[in-house]
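Here's the letter readout for the chains.
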Amino acid sequence: MKRRHWLQSGLPWLAAAWWGVPAWAGPTGSTIAARFGKLPPPERVRRVFAAGAPAGVLLAALAPDKLVGWPLQLSDAARGLLGAPLQGLPFVGRLAGRGSTVPMETLVQLQPDLILDSGTADATCISAARRVTEQTGLPCVLVHGRLADHAAQLREVGQLLGVAERGERLAAYADATLALAAQVRASVALAERPRVYFGRSADGLETGLEGSINLELLDFAAGSNVTAAAGKGSLTRVSLEQILGWDPEVIVTQDPAFARRALSDPLWQSLTAVRKRRVHCAPSMPFGWLDGPPGVNRLIGVHWLVQLLHPAHPAVRALEPLPVAVQRFYRLFYGADLSPKAVAALLEGAA
Amino acid sequence: MTTCVKEARQASAALCPPAPAIWLPWAVAGVLLAAVVVAAFALGKFPMAPADLLRAVLARSTGAASGLSPAQETVVWNIRLPRIAAGLLVGAGLAAAGAAYQGMFRNPLVSPDILGVSAGAGLGAVLGIYLGLPLAVVQALAFIGGLLAVGTVVGVAGLVRRHDPVLVLVLAGIAVGALLGAGISLIKILADPTTQLPSITFWLLGGLNAVTTADLAVTAPVMLAGLVPMALLRWRMNLLSLADEEAQALGISVVRLRLLLVAAATLTTAAAVSLTGIIGWIGLVVPHVARLLVGPNFARLLPASLLLGGGFLVATDTLARTAASIELPLGILTALVGAPFFLFLLARPGRGE
Amino acid sequence: MSAVPQANSATLPVLEACALAIGHGQRRVGTDLSFAMAPGEVLCLLGPNGSGKTTLFRTLLGLLAPLAGEVLVLGEPVAAWPRSAFARHVGYVPQAHAGIFPYTVEDVVLMGRAARIGRFAAPAQQDRDHALHCLNTLGIAHLRQRIYTAISGGERQLVLIARALAQEPVLLVMDEPTASLDFGNQIRVLEHIAQLRQQGMAVLLSTHQPDHALRVADRIALLGGGRLMAIGTPASTATPERLAALYGVSKRAVATSLGTAIATSHPPETTP
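Residues numbered from 1 in each chain as written. Chains lettered and ligands numbered in written order. Predicted model: local features only at pLDDT ≥ 70, side-chain atom pairs only at ≥ 80, totals over all residues.

The next point concerns the overall build of chain B. What chain B contains, in helices and strands, is 14 helices and 0 strands. N-terminal to C-terminal, the α/β element order of chain B is α-α-α-α-α-α-α-α-α-α-α-α-α-α. What you see for chain B is a C-alpha radius of gyration of 22 Å, in line with the 20 Å of a compact globule of 353 residues. In terms of overall dimensions, chain B has C-alpha extents of about 70 × 55 × 40 Å along its principal axes. Residue burial in chain B is summarised as follows: out of 353 residues, 53% are buried. Across chain B, contacts joining residues at least 24 apart in sequence account for 76% of those joining residues at least 6 apart. (Helix = DSSP H or I, 4+ residues; strand = E, 2+ residues; numbered from the N terminus. Rg over C-alpha atoms; globule rule 2.2 N^0.38 Å. Buried ≥ 20, exposed ≤ 12 C-beta atoms within 10 Å, placed from the backbone. Contact = placed C-beta atoms within 7 Å.)

All names here are of chain C. As summarised here, the arrangement of the 6 strands in space is β6-β7-β8-β3-β9-β10, forming an open sheet in which the pairing is mixed. One side of each edge strand has no neighbouring strand; the edge strands of this open sheet are β6 (90-93) and β10 (227-232). Between one strand axis and the next, the sheet turns through 15° on average, direction left out of account. Strands in contact with helix α1 (residues 53-60) are β3 (42-46), β7 (171-175), β8 (202-207) and β9 (219-224); relative to β7, the strand with the most contacts, it is inclined by about 150°. (Pairing = 2+ DSSP bridges. Axes fitted to C-alpha atoms, helices over the stretch in contact; angles between N-to-C directions.)

Our next topic: the interface of chain A and chain B. Across the contact, 37 residues belong to chain A and 35 residues belong to chain B. Elements with a contribution of two residues or more to the side of chain A that touches chain B: α5 (104-110) and α6 (123-136) of chain A. Per element, the largest residue contribution to the side of chain A that touches chain B is 8 residues, and it comes from α6 of chain A. Broken down by class, the residue content of the side of chain A that touches chain B amounts to 12 nonpolar, 18 polar and 7 charged. (Nonpolar A, V, L, I, M, F, W, Y, C, P; charged D, E, K, R; others polar.)

What follows covers the interface of chain C and chain B. Tallying the contact residues gives 29 residues for chain C and 32 residues for chain B. Listing elements by their share of the side of chain C that touches chain B, those giving two or more residues are α2 (83-89) and α4 (125-137) of chain C. Per-element tally for the side of chain C that touches chain B: the top contributor is α4 of chain C, with 4 residues. Of the residues contributing to the side of chain C that touches chain B, the split by class is 18 nonpolar, 6 polar and 5 charged.

Turning next to the confidence of the model for chain A. For any part of a model where pLDDT is low, the fine detail of the predicted coordinates should not be relied upon. All names here are of chain A. Of the residues in chain A, 91% have a pLDDT of 70 or more, and the chain-wide mean is 86. Here helix α1 (residues 12-19) is the element of chain A with the lowest mean pLDDT, 39, and strand β2 (residues 48-50) is the one with the highest, 95. Within the model, the stretch residues 1-23 combines pLDDT values under 50 with 29 contacts to residues more than four positions away or in other chains. (pLDDT = per-residue confidence, 0-100.)

All names here are of chain A. Along its sequence, chain A is carved into domain 1 (7-173) and domain 2 (188-350). Taking only C-alpha atoms, the centre of domain 1 and the centre of domain 2 are 29 Å apart. Taken together, the 25 residues of domain 1 in the interface contact 20 residues of domain 2. A per-element tally of the side of domain 1 that touches domain 2 places helix α2 (residues 53-62) first, with 6 residues. Looking at the side of domain 1 that touches domain 2 residue by residue, the classes come out as 18 nonpolar, 6 polar and 1 charged. (Domains from an automatic or database assignment.)

Structure (structure tokens):
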């Protein structure tokens, strides 16, 4: 649909910016879903705005000194687990079409060189990004953010932002993690995969259906999402009846309150997972290991979950111990040096 | 007869106090509106000195370069201008539609949503967001949804011949609106809580933060197409406040006039809702306030509602984008600002009602 | 009273009902109603509650379709009249009601000009002058800027008459104009009707009070049992016998109630 921009015609620089460069959809295999506006050359990218939480985590890992602000609220405890430039970054709000909390004028005032968005790139998000570019003249890039894309994502975005070397290092880590998961998946048949239930809210009745980006970790780590029988979709609420019917072998969550409740509540006692005490809470500081946001923060979660579900697998046994892996991940991705005590507290406070 | 009239006028003038110049209140209203618009341009999260603003405007009108940074130009022309223009248009449109509905349904507590246009537009938009369609399609769905909802209500009401036609319209509107509202709630449950639900929520609360000039270029003609018939027929609307038979006896084709006004008001409201989401209270309070200020004669009430509605929405939107660090949805603010003001106007002594 | 103008072939009757049957849907409220009104004539309709006076008026005004027969206004069937043209010739005065919105009296009277101004126009100065003239005729020009909902019932009735006069009609149809008015207001309204008749306006009115009919009417019609029981001069129509039959009360009661009225309107007949 051709739109006529009445007022922009008087501003030649804006006109050249996007009349000359139409929307660009990446070639198949690229994680870049779309980009709008004229992107500055990588070496000149100094300030990047993260449109949503997954993009925020991606930028925090790739280019922490270029991130303009956090699109999500971070508690003091969370900030304590982040490296130096990230700790003090202010909250600026997210950019999500109608659901934006950052005022447009603040966005223009921040004058980022680039706006980055990661996650599901459906038509709504793409048209919202196009509008932002049209209205403010700031270039927008959308990247796919599914778990399998993380290595390619880190490489490509690293190149875009002029931090190709760092991007390569992080991508190598991602490659290793993804390869590990692939190895485990290859050797464990579908039928033998443990049936896992991921409870999300405090009452544990919120979960995700097959295909939801928030739960893809389960299948990735060679587990089997119990909700598969309920069809495809995204996040949803289920009833305890359904959970009892599915009878998962393992329950994972990021909410310690739910983990405690599942173990103590008489209604949940009959579940196999509860009887075998296989209810596990993943840490969520500074970002969730399994989800929340669904970004590169999940890479350590893959390690954690694979160890949990398949402790006897040879590839898993050959891994470094979890505390060491956690230290390495936090140093590499968040720039934070965690003492062994801090790591233990992290793992324990969750369990 | 002329002498009789002159005498009568003198006699009546002796008994009634002379009214001030008829144009004075309108001039005051116009000046106030201009002041609100200027303030809206000057205020915002992006720091902008009034001198810079003046330079930008002068440069645009003379075609010269203004010497301002591109960011400042962007803020003035791409962000603030569409917002203010949309605020004026939507506020005026919703207020005019509200005034028309209040006259047609002979009830000062009626809002344009009574025939379900907001519920229909809301369902169209949340459906579009849920299905992940481009924003332009979401807006189109909102517009079509609003029109379809009212079309259904009018169609259903046309089939019922038994009761008072106005009552049937209202009841059918309530029923259809409830049905569509249930559909909206259902989609809210099914939507993804992290990505879609905030968009849906913000849309249902209304806001001008996502309005671009392209949106305005498409929606403004439609809204004007709805406002023009209402403006032309504004005196005739007075007759719809009488009982149907009385109005017919005075020479009005009641059914046709009502249908035309419903169509015009629906067109305006559906276009407004597709542009900004559901902004409540304006269609209900502004005509009521205007009636308290200028009286119920639609020849005066409609222009007053237009001015007041446009000014109110621009003022509220300026507050919404400057008061807090995040953007506050307009629907919340219109209620918070409109209700106490309305109570104040009711409490002061004025024309008897 | 002056000679009653008769409708004859030389003057076109301003209103004519031919074998009219009225009612709603299946319910037939009146049959075989035939009468004609000459220009400048006052015809008063008497009838008990539920006799169909309001239905008859609605049918005559074209607001309700007749079940049989037809209504002619100035020789043309009502169904053929465009609504605005009809309003320029026939004015309807309903019973005074409380308004919903606080219009001024002037605004209310100006609504009567709707049929005389363009579709998208608002009343001009000449319309306002005419409205003032109508208010003046009824002696209520001093109410011009008052709020319609704030004045008394009698004043409201006069305002509605002024509104109908603003249409500049040739026929006024008034539905019980003196109902719920006090004695003084009733007299005033009747005097205005007499005055309108002097000015050549045809008036069709219904009333519950035969004495009012006897005061102002050129002719009286009795509507009872779904038929026009009688129509003619007040002397011949509003006799105690006829009225007693119409209302189902005794002749003596009628004569006692109406004693003065009958005596003044026509010479006393043989004592009942």
